[in-house]
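Letter by letter, the chains look like this.
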Amino acid sequence: KNVNAGVITLDRSGKIITINETAVTLFGLREEDCLNKNYREIFTSELIRKIRFFLRNQERTRQDLESREIELSLPDRNVHLAISFTRLNDEQNNYIGMLIIINDLTEIINAQKAVAWREVARRIAHEIKNPLTPIALSAERIQRKYASLLQEGDKVLSSCTSTIIKQVSALKQLVNEFSNFARMPQAKPTMQDLNEVISETLNLYRHARPDCDFSFQPDENLVPFLFDQEQMKRVMTNLVDNSLAAIKSVGGGSINITTKLDKSLQIVIIEICDTGLGISQQDKSKLFEPYFSTKQAGMGLGLAIVKTIVQDHRGFIRVKDNHPRGTCFIIELPFNLEAP
Ligand SMILES: Nc1ncnc2c1ncn2[C@@H]1O[C@H](COP(=O)(O)OP(=O)(O)OP(=O)(O)O)[C@@H](O)[C@H]1O
Ligand SMILES: [Mg+2]
């Protein structure tokens, strides 16, 4: 029962005979709701289709084992699963049921993607950066040397050169953002007051955005603990920025932030909920990937940076729908008072 993989057994009619803790947690179910029910009543349609597909397929091919990787949308997140189906037979080789083993590969695959993206960002940054300085220097030189030789009133040369210089500097900034992401400084945790960091961040926005109601419920029991203050500010600004954009597109709303110290689990939970546009199920799985953005001028790096920082703190971040509308981001950080 206590293995790390999800394990489910069905009898020949498709009734769930056993389901272990991991599988129950993965699908957000309760064991007592599943046992002796047909799998069709319990699982999402995608998973049902896979199971049915296997059953049909193995009737035809008489194969005893089949493994496949699938992406599945669960109510609150998308997961990447490796599922193996094994046919269970009695001594006469009659079909008596099925064993399903499920491994959640989501975290591994996301980590691989993040590593690949960082590598891409690092290389692009490097390749673009090199020629920029000579381009800008050459344009400046042309401007100095020839602009004065041309007749007064002929502004073409100087306006062209200054366009080049301006655009090159914009490119440099873009590239710097790439490389910042690729080489994010290591977290340097010191004892800090998280509630204070959050209220300071909120104060930066309060006056600038009268269309938005800000509220903050700090947990008064949350004493200072170890985290990187600068990086956690970046986390908060990125999340608040996103929420404000989502609120703007629906013409106003509110952002509500809470902190909570869970003493028994020794974690700090930060929730940032907005009543903005919300996020489609489809987009949820891509949110934290670098360069995913639905905004016209968005780099799509905000949440990738947030996730990297949270992971550097050995924490977790996830997203869920806010009710009745909008989005919540939930961060869990270890409540460390001493360096581990
Ligand atoms: N609170 C939110 N409500 C609705 N959509 C959101 C929210 N937060 C993020 N998103 C969606 O996730 C996408 C990715 O967010 P992310 O912060 O990574 O990039 P961005 O905001 O588009 O650009 P950048 O932060 O680099 O300027 C956004 O484009 C938006 O579609
Ligand atoms: Mg953003």
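The coordinates are above.
Calculation rules
- Residues numbered from 1 in each chain as written.
- Chains lettered and ligands numbered in written order.
- Predicted model: local features only at pLDDT ≥ 70, side-chain atom pairs only at ≥ 80, totals over all residues.
- Heavy atoms only, no water.
- Pairing = 2+ DSSP bridges.
- Helix = DSSP H or I, 4+ residues; strand = E, 2+ residues; numbered from the N terminus.
- Axes fitted to C-alpha atoms, helices over the stretch in contact; angles between N-to-C directions.
- Contact = heavy atoms within 4.5 Å.
- Phe/Tyr/Trp six-rings, centres within 6.5 Å; stacked < 30°, edge-to-face > 60°.
- Buried < 20%, exposed > 50% of the residue type's maximum accessible area, 1.4 Å probe, protein only.

Student: Looking at this structure, I do not really get the sheet that holds strand S5 (residues 95–104). What am I missing?
Tutor: Strands pair in a sheet through their backbones, by hydrogen bonds, and they do so in one of two ways: parallel or antiparallel. On the basis of which strands lie adjacent, the open sheet formed by five strands has the order S2-S1-S5-S4-S3 and antiparallel pairing. Every other strand in the sheet has two partners, leaving strand S2 (16–19) and strand S3 (65–73) as the edge strands with one partner each. Between one strand and the next, the sheet's axes are offset by a mean angle of 20°, whatever the strand orientation. Taken together, the six bridges between strand S1 (residues 6–11) and S5 define a ladder with antiparallel strand orientation. Following the sheet pairing, Ile 8 is matched in S5 by Ile 100. Sheet strands in contact with helix H4 (residues 45–61) are S1, S3, strand S4 (78–89) and S5, and its direction is about 160° off that of S3.

Student: Explanation requested: the sheet that holds strand S9 (residues 253–262) in the structure shown.
Tutor: Judged by pairing direction, the sheet is mixed, and its five strands sit side by side in the order S7-S9-S10-S12-S11 without closing on themselves. Single-partner strands in this sheet number two, and they are strand S7 (212–217) and strand S11 (316–321). Across the sheet, the axes of successive neighbouring strands diverge by a mean angle of 15°, strand direction being ignored. Where S7 and S9 come together, six bridges link them in parallel fashion.

Student: Is there a simple way to explain the packing of aromatic side chains in this structure?
Tutor: A ring pair, where both rings are aromatic, is described by two values, the distance of the centres and the angle of the planes. Within the structure shown, the criterion is met by six aromatic pairs. Each ring, one from Phe 54 and one from Phe 85, has its centre 4.9 Å from the other, and the planes form 15°; the classification is stacked. Of the two residues, Phe 54 sits in helix H4 while Phe 85 sits in strand S4, which places them 31 residues apart along the sequence. In this structure Phe 85 comes out as buried when scored by relative accessible area, which is 0%. A centroid spacing of 5.6 Å and a plane angle of 45° characterise the contact between Phe 225 and Phe 335, whose relative ring orientation is tilted. Residue Phe 225 is located in strand S8 (residues 225–227), and its partner Phe 335 is located in the segment after strand S12 (327–334); the two are separated by 110 residues in the primary sequence. What links up through ring pairs into an aromatic cluster is the set Phe 225, Phe 227 and Phe 335.

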